[in-house]
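Given next are the chains, with one letter for each unit.
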Amino acid sequence: MSISQDGQSNGQSSKSASTGASGSTSASALATASSSMNINTFKPLLSKLLQRPQEFTPEDMREALIHVVTGAASHAQMGSYLASLKVSDVWRKPDMVQVQVQVFSELSGNIKVGGEGHICDWTLTGESRLSVLNVALPAAIVAAGAGCRVVKTGNASSPWPSTPSSGDILTALSVPTNTLPLFSLIKAASSRHVPFLHIYTPRYAPRFAAISPNPLRRELGFETIFHSLSSLVSPAKRDYCVIGVHEERLGAVFAEGMKTLGAKRAWVVHGKNGLDAISPEGETIVWDLKDGQVTTRTITPSLFGVQERPLASIQLPSNGDAEESPAAEYRVHAKITASLLSPRRIRNNQAIETPYKPGTCGQTRSLDTQAMEDWVCMNAAALLLICGKAQDEKAAFALATKTLKEGKAYHALEALRDAAALAVDVDSSETPQGDE
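Described below are features of the structure shown in this document.

Definitions and cut-offs
- Residues numbered from 1 in each chain as written.
- Predicted model: local features only at pLDDT ≥ 70, side-chain atom pairs only at ≥ 80, totals over all residues.
- Heavy atoms only, no water.
- Salt bridge = Lys/Arg side-chain N within 4 Å of Asp/Glu carboxyl O.
- Helix = DSSP H or I, 4+ residues; strand = E, 2+ residues; numbered from the N terminus.
- Buried < 20%, exposed > 50% of the residue type's maximum accessible area, 1.4 Å probe, protein only.
- Pairing = 2+ DSSP bridges.
- Axes fitted to C-alpha atoms, helices over the stretch in contact; angles between N-to-C directions.
- Contact = heavy atoms within 4.5 Å.
- Phe/Tyr/Trp six-rings, centres within 6.5 Å; stacked < 30°, edge-to-face > 60°.

## Here we look at the pattern of salt bridges
Under the counting rule described, the total for this entry stands at 21 salt bridges. Between Arg-345 and Glu-373 there is a salt bridge whose closest N-O contact spans 2.8 Å. Highlighted residues: Arg-345 in helix H16 (residues 343-347) and Glu-373 in helix H17 (residues 369-386), separated in sequence by 28 residues. Per residue, the accessibility class of Arg-345 equals that of Glu-373, and both read buried. Put simply, Asp-89, Arg-92, Glu-247 and Arg-249 are held in one network by salt bridges that share partners.

## Things to note about the sheet that holds strand E6 (residues 284-290)
The strand order across the open sheet formed by seven strands is E3-E2-E1-E4-E5-E6-E7, and the pairing between neighbours is mixed. Here the strands that pair on one side only, and so sit at the sheet edges, are strand E3 (196-200) and strand E7 (293-299). Direction aside, neighbouring strands of the sheet carry axes that sit 20 degrees apart on average. Where helix H6 (residues 136-145) meets the sheet, its contacts fall on strand E1 (119-124), strand E2 (149-154) and E3, and the angle it forms with E2 comes to roughly 160 degrees.

## Some details on the environment of Gly-167
Structurally, the position occupied by Gly-167 is in helix H7 (residues 166-172). Each residue touching Gly-167, except ones within four places of it in the same chain, is listed here: Thr-177, Asn-178 and His-198.

## Focus on the packing of aromatic side chains
Applying the stated criterion across every chain yields a total of one aromatic pair. Here the aromatic rings of Phe-42 and Tyr-81 are separated by 5.7 Å at their centres, their planes lie at 70 degrees, and the arrangement is edge-to-face. Separated by 39 residues along the polypeptide, Phe-42 in helix H2 (residues 39-51) and Tyr-81 in helix H4 (residues 75-88) bring together distant segments of the chain. As far as burial versus exposure is concerned, Phe-42 and Tyr-81 are alike and both buried.

Here you go:
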């Protein structure tokens, strides 16, 4: 991969997202619009949202968001605004989602990664609270090993019980993409074949980092729109994406968001058991964005030719220390991911290594290796399918399984590790930074 200086990555559509009722929200427009904004100009917007939410328009939403993201609103006003959105559910309307996604997209910047092929990603909200592996990370790595050009983006892990972020797991795997010098990883990867990259959003999108969902959630005690929609934000503009959501009502919201961002195709998935991924048991709802239209259907593991297994077969044993130390939980996910991808383990037909030492885990059962492998490959297959690497779900699953068994997924991760090792020595001062 290499950096493109022309404002578009090779193979990536140059078509901008429709501005709709919101109008342009370029970075310069945000700065210009905010110049005359202050706590007094925010008051009527807040009053309307509180007292007459049915009259709150997309333009009101745009102006209110600009107040918030540029610091024109006070902390008290921001808290009241976010709480009002939470109660009214105004933000879930399609025209409101379009406005929010456009503003958040401008905040996230526009990192240009050159090279051949479209940019793909597999991400999730991480809020299922079902004690499962962050499947988005190994699924994305498997898809990269199978030929997809994956640029995975992520934020920091949430400060409450949730699935650890991919960046924190990679750091625990000694691939510290969260802390590398700006643009150094992309520059290091440009000189070698690195099918899987990870971009830590807060480092590449300082404007979005300023309204990071984590401090807001810590202070307010509830999920805000900034957290709910953060999985839609990516400094690298994605052509194909699978997104797992933990609430069914978020499905259509995220599908419309990807449409606004100009994705060529996307799957938004939600397991009916609450899983923010394709579930190994029962039905999974799929919102399929294709050719600019969103269709909804339900799928089951049998569609991939996979044996259905209970949710418990992929749930991680509880670890009392993880609640007290998030770093301990990151290491658990890192160790399972590394063992899952290990060619030596696969070659020797060994079980996925249990990440807990004797006496530290409340449960002593082993991980169900076959169930875990099938679950990861099934979710990787979804990305392979929408990227056009396979004709149907069964063929996509077969390709994902073959990639895992042959060690190609492991080598995709190792290529990222090697690039990260080089990145610490890269001088990024002359690296083009795209449009922010």
